[in-house]
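The chain contents come next:
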Amino acid sequence: MTERRLQPLLHDLVGVVRAPTSALGDAAGQIRPAGVQGVFHADARVLSRAELRVDDREPEALTQGPVGPHAARFVGLARWLGDPGPDPTVRVDRIRRLDPAGLTEELHVVSTAADPVRATVSVDLGCDLAPIEVVKSGGTAEPLEAKAGRPGQLAWAADGITVTVTADGATVDADADRSRSPRLSWPVELPARGAVTLSWRLAVDDPRAVVVAPPAARTWARPEVTADDRRLVRFLDRSLDDLHALRLAEPAHPGDVFLGAGVPWFLTLFGRDSLWAARMLLPLGTELAAGTLRVLARRQGARVDPATGEAPGKILHELRRHEFAAGEGLRLPPAYYGTVDATMLWVSLLHDAWRWGLPADQVEPLLPHLQAALAWLGEHADADGDGLVEYVDTTGHGLSNQGWKDSGDAVRFRDGRQARAPIVLAEVQGYAYEAAIGGAALLDAFDRPGGDRWREHAARLAERFRAAFWVDGPHGPQPALALDRDKRPVDSLTSNIGHLLGTGLLDDDESAQVARLLTTDALAGGFGLRTMSTDDAGFSPLSYHCGSIWTHDTAIVLAGLARGGFRAAALGLAEGLLAAAEAFDHRLPELYGGDDRALAGRPVPYPAACRPQAWSAASAVLLLQAGVGLYPDVPAGRVLLAPLAGPELGTLAARNLRVADASVDVTVTATGAARIDHLPPTLALARPVPVPSPRRSPDPDHSRRS
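Below or above, wherever it landed, is the structure these notes cover. Nothing here was measured: the structure is a model prediction, and the numbers come from that model. (Residues numbered from 1 in each chain as written. Predicted model: local features only at pLDDT ≥ 70, side-chain atom pairs only at ≥ 80, totals over all residues. Heavy atoms only, no water.)

So, on to the packing of aromatic side chains. Applying the stated criterion across every chain, the model contains nine aromatic pairs. With centroids separated by 6.1 Å and ring planes inclined at 70°, the aromatic side chains of Trp 276 and Tyr 431 adopt a geometry described as edge-to-face. Residue Trp 276 is located in helix 3 (residues 271–280), and its partner Tyr 431 is located in helix 8 (residues 426–445); the two are separated by 155 residues in the primary sequence. The pair formed by Trp 276 and Tyr 431 is uniform in burial state, with each residue classed as buried. Seen from their ring centres, Trp 404 and Trp 550 are 5.1 Å apart, and the 70° between their planes marks the pair as edge-to-face. Of this pair, Trp 404 sits in the loop between helix 7 (367–379) and strand 24 (424–425) while Trp 550 sits in strand 29 (residues 549–550), and the two are 146 residues apart along the sequence. Under the relative-accessibility criterion, Trp 404 is labelled buried at 3%. Judged by its relative accessible area of 2%, Trp 550 falls in the buried class. Here the guanidinium or amino end of Arg 417 rests over the ring plane of Phe 413, the centre of that ring lying 4.3 Å away. (Phe/Tyr/Trp six-rings, centres within 6.5 Å; stacked < 30°, edge-to-face > 60°. Helix = DSSP H or I, 4+ residues; strand = E, 2+ residues; numbered from the N terminus. Buried < 20%, exposed > 50% of the residue type's maximum accessible area, 1.4 Å probe, protein only. Lys NZ or Arg CZ within 6 Å of the ring centre and 35° of its normal.)

Structural data, given as structure tokens:
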């Protein structure tokens, strides 16, 4: 029987990040040669072992926690040392600090004993330079031999990467049988109530890395937030630290900053993830959006290449230093374009950044790329010419699903059967409609031709969607998840339909019905929005895309509900996210289990979820925006305030939000009254349009309209 290679679990590991470097170890601070533990630089594991011992015994773990955005402290006890009695008198604190090209560890040994303490402190190391895809697929790599250099120094080298460890004052043992597990050791003599600090440093030289650290300066404003619900403040503070740690750039363009998708699997450029995260951070400024747009524009598709998924005008899916072969037949080229939605999301980010005040001299150079992206939408996104956007992997080794739910089993009928490609996803049609309308607005504003063409394109798409997607479900009419290769509606009820809100594809009645569906216990009964309804046969609370809860998915839908005036539905999802954030120490993972809230009183971890992860952390900013209800349209000279905060969320105030590159403050009282201060004189406050309530459901025959 062939042994299955399983993706390693990481839900209980402690991550520290300063992109492109990250470290994952256990709660005691140990980095053991197992699973996904290690120090990673870009796509390589540059340290596979770092085990601390005192007199050849591991300190007993006591606690751990963050020390700023790029460091963690691990506290342990050496109870076999020091005074006899129940109280520990020798403590070992391990502080791990990351920088873009390595890390430094400080080892603080502190004694409160009445007598002197003598011990030997050691750290056993290992380096395998395993590629991230080998680690992700459950594979292993042999440790490399270490070479001793000057006193207190070790080095490993392979595949163009050089890893160096330096430990002043330490003895290095890398001879013979220790060559693959070298040891640093320090003899320690502490006087009564004495202390000593030891340290070692890891440095990485990786000239072939496709991503690098950007300049240290922050890329966006950091707001000052006060709230009656302190969970939001704690969630936002931790998320902003993590987002700063996830910033990346390309070697040739260090000033254009984007966000790496997540630790450990996706700490690189991902079109969809980087675009969504930049879009969520627009309330803090447009600089990240501009950098992300430019980075992806430089890699915009120029030719038809089935092997990479490239097509003229198409936006990249992901970037690696080499082929990404993660098992089960998946082999992705270093620059891979297998995404159906990133191109439309690029257009919408450009449009939204312009609305938030991206200057014209930064928009105009991107207009040729906008036109190319729209051309892809019109000429390559609809292979069969039926007016809808679809995808299919023709290589046999690419992603079989190319929406954000990109696992192989993500698109299922209500009875659990998997749909067969080509696939037409519901939310992608919303993205396409929004991109066509937003693209047309940009073309008009900058005196470029084609605006009418894309508005007509959007109108035809809406008619086609209305005729093809609406089906009868257990809770009334609903948009299907997708159409399969035979254009049959894939009739499961999923979170995908929530992404349609705010795109313009739905009319008022349809939006109201979607909002009602999103509040059913079948979708909203967990700590957020389930990716699939509990009524569907494919549901599993720990399925990657068929029942779990994704932080960004919940936040995007919450924001759409809030903007559409569906206050109760949005508040319910906000409560789920905030409760989950508390359970995960304010660092929400990529996803977590879709179990009912009553099951354990806290969300069940998804054991292989990235954490921190860009669009999960950015969800805190999107929640803040929905809370204060700030919606600017700088080109039109107006700003709308329509806050979600008020009687249910309590008071909420945010200072140093950014509109048109100006710092503005928004305050919402407990009654829901909102005020904005320091608005630029070129902008006027618009009055919100009242939302009718209740709204009637769509016509039951809606699914049969043409």
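Quick look at the layout of surface pockets now. Of the volumes computed, that of the second largest pocket is approximately 1300 Å³. Taken together, 40 residues form the lining of the second largest pocket, with Gln 7, Lys 136, Glu 328, Ser 407 and Tyr 544 sitting closest to its centre. Elements that contribute at least two residues to the lining of the second largest pocket include exactly helix 3, strand 21 (324–327) and strand 22 (330–332). (1 Å grid on protein atoms, 1.4 Å probe; cavity = no way out; pocket = protein on both sides within 12 Å on 5 of 7 lines; lining within 4 Å. Points joined across faces, edges and corners; volume = space filled by probe spheres on them.)

Counted according to the given criterion, the structure contains 59 salt bridges. Across the pair Arg 94 and Glu 105 runs a salt bridge, and its minimum N-O distance is 2.9 Å. On the criterion of sequence distance, the pair formed by Arg 94 in strand 8 (residues 90–99) and Glu 105 in strand 9 (residues 102–111) is long-range, its members being eleven residues apart. Of the residues examined, Arg 94 reaches a relative accessible area of 2% and is grouped as buried. Arg 178 serves as the salt-bridge partner of Asp 124, at 3.5 Å between the closest nitrogen and oxygen. In this pair, Asp 124 sits in strand 10 (residues 117–126) while Arg 178 sits in the loop between strand 14 (171–173) and strand 15 (183–190), placing the two residues 54 residues apart along the sequence. This pair shows no difference in class: Asp 124 is buried, exactly as Arg 178 is. A network of salt bridges, in which partner residues are shared, links Asp 26, Arg 32, Arg 49, Glu 51, Arg 53, Asp 56, Glu 58, Asp 124, Arg 178 and Arg 183. (Salt bridge = Lys/Arg side-chain N within 4 Å of Asp/Glu carboxyl O.)

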